[in-house]
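Residues per chain, in single letters:
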Amino acid sequence: MASKKSGIGNIKEKSIIIKPIGSRGGLDGIHLALIVLVIILVLLVVSISYTKEIIIRNESAANCTYGAANGTCMIPKSTAAGISSAFSRIIASYANSNSSLSLIPYLANTSTASEQYLPYSKAWLSRISGYNPATNQSFYFAAMINDTNNSKFIPFVEVTKPTNLTKNSVVSTGVVKLAGKYACTIQKPTQVLWFIDPYSPGAISSLSNAIAIEKRFNSSVNLTLKMLYTQASVKVANAYGLAEAQALSGYLFCASLQPNFSRFSEDLNSLYTGSYVSSQTLGIISNQTGLNYTAMSSCLNSYPQVFERQNLLSNYYNITTSPIVVTNCDYMSLPQTAEEAVCYSNSSLC
């Protein structure tokens with residue numbers, strides 16, 4: 001420490017002499033300490049960044065159900081309930097497809113349906129699962145539905161888009177509510193119309209479902225057969241003539257009006273191979289099962305006129321496939337889900 005004289009009097013003042021580090025000059029001790037401190041701080045920051053997770057929170061989206069963009073909550077124009085209704089109509093529209101896709105409305109499990117909004121796509125993803133008893137396999141059906149226009153959608157999972165979007169809707173597993181149709185004016189008993197072309201696959205075997213429904217609900221259900229004339233019968237008519245092709249339909253309808261119908265259908269089902277059944281064979285089965293011969297003859301004579309009325313009824317319901325069941329005049333189902341339709345249309349029975 002050195003002293004120096006000031007200009008006012010002889011007051012001695014201490015001076016700080018900073019000596020360079022090293023024999024040839026360079027950094028002084030203070031600057032070196034600062035550099036070391038900066039290095040330590042940098043190392044400390046780096047260490048913290050690698051050892052502690054950094055959480056970035058979007059506070060603006062914290063209370064947004066469907067997320068946020070640019071600090072604003074994204075709100076869909078459609079509601080989940082509205083999308084669910086639109087999705088059910090999309091599913092029901094497949095009933096009019098001239099392919100195996102027409103079974104989708106009746107095989108879909110409504111309890112598995114779900115809707116999820118995709119904000120950046122401005123669309124909803126609706127999904128549903130189903131089970132096909134014929135193939136013993138489950139399947140999934142999904143559709144991307146436009147948020148602003150629910151009639152615009154894209155189907156997924158190996159399902160093509162239906163030709164026309166109807167206003168029908170799937171209301172329960174295997175049950176389609178028909179738009180524009182009305183419940184039967186006579187509420188008791190519940191009306192069940194069983195539409196079949198007997199030569200179509202599964203038609204004859206479906207009669208066991210019809211008999212089971214009659215046994216379960218007894219007088220609470222009025223089940224009647226309605227005969228169709230589809231491509232299956234056309235093939236038989238081309239080979240054996242129209243009268244012979246319609247003989248099976250006539251015998252089934254007339255036998256269904258008698259008490260021993262269950263025996264007639266069981267015997268017919270046991271010998272039916274999916275091919276042509278002659279009127280002679282049908283007459284033998286009729287006699288063996290104890291059907292009233294006079295009543296059968298009278299019914300068969302008037303059947304052509306009855307068939308015309310039944311054909312008009314099938315056109316009213318736009319039925320093109322067989323077998324199909326209409327319950328309470330406004331619910332459509334497959335024979336396998338007909339009981340579900342009865343229970344849905346009249347819950348007091350189940």
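Scroll up to find the structure.
Basis of the calculations
Residues numbered from 1 in each chain as written. Predicted model: local features only at pLDDT ≥ 70, side-chain atom pairs only at ≥ 80, totals over all residues. Heavy atoms only, no water. Helix = DSSP H or I, 4+ residues; strand = E, 2+ residues; numbered from the N terminus. Contact = heavy atoms within 4.5 Å. Areas by Shrake-Rupley, 256 points an atom, 1.4 Å probe, with all protein chains shown as cover. Pairing = 2+ DSSP bridges. Axes fitted to C-alpha atoms, helices over the stretch in contact; angles between N-to-C directions. Salt bridge = Lys/Arg side-chain N within 4 Å of Asp/Glu carboxyl O. Buried < 20%, exposed > 50% of the residue type's maximum accessible area, 1.4 Å probe, protein only. Phe/Tyr/Trp six-rings, centres within 6.5 Å; stacked < 30°, edge-to-face > 60°. Lys NZ or Arg CZ within 6 Å of the ring centre and 35° of its normal.

As for the overall build of the chain
Then comes step 1: When helices and strands are tallied, the chain shows 10 helices and 14 strands.
Then comes step 2: Within the chain, contacts between residues at least 6 apart in sequence are counted, and of these 61% link residues at least 24 apart.
Then comes step 3: When the accessible surface of the chain is totalled, it reaches about 20,600 Å², and 55% of it is carbon and sulfur.

Thoughts on the sheet that holds strand β6 (residues 123-132)
Then comes step 1: The four strands lie next to each other as β5-β6-β7-β8, forming an open sheet whose pairing is antiparallel. Edge strands, defined here as strands with exactly one partner in the open sheet, are β5 (108-118) and β8 (153-156). Taking the axes of each pair of neighbouring strands and ignoring which way they run, one obtains an average angle of 20° across the sheet.
Then comes step 2: Bridging between β6 and strand β7 (residues 137-146) involves 10 bridges; their strand directions are antiparallel. Paired with Ile128 across the two strands is Phe141, which belongs to β7.

Things to note about the pattern of salt bridges
Then comes step 1: Within the structure shown, the criterion is met by two salt bridges.
Then comes step 2: Residues Lys177 and Asp330 are paired through a salt bridge, measuring 3.5 Å at the closest nitrogen-oxygen approach. On the criterion of sequence distance, the pair formed by Lys177 in strand β10 (residues 175-177) and Asp330 in the loop between β13 (324-327) and β14 (331-333) is long-range, its members being 153 residues apart.
Then comes step 3: Accessibility expressed as a relative area gives 4% for Asp330, which makes it buried.

Things to note about the packing of aromatic side chains
Then comes step 1: The final tally for this structure, using the stated rule, is 11 aromatic pairs.
Then comes step 2: Seen from their ring centres, Tyr316 and Tyr317 are 4.9 Å apart, and the 75° between their planes marks the pair as edge-to-face.
Then comes step 3: In this structure Tyr316 comes out as partly exposed when scored by relative accessible area, which is 43%.
Then comes step 4: When its relative accessible area of 7% is taken as the criterion, Tyr317 is described as buried.
Then comes step 5: Positioned above the aromatic ring of Tyr331, the side-chain terminus of Lys177 is 5.9 Å from the ring centre.
Then comes step 6: Its end group placed over the ring of Tyr316, Lys181 keeps NZ or CZ at 3.8 Å from the ring centre.

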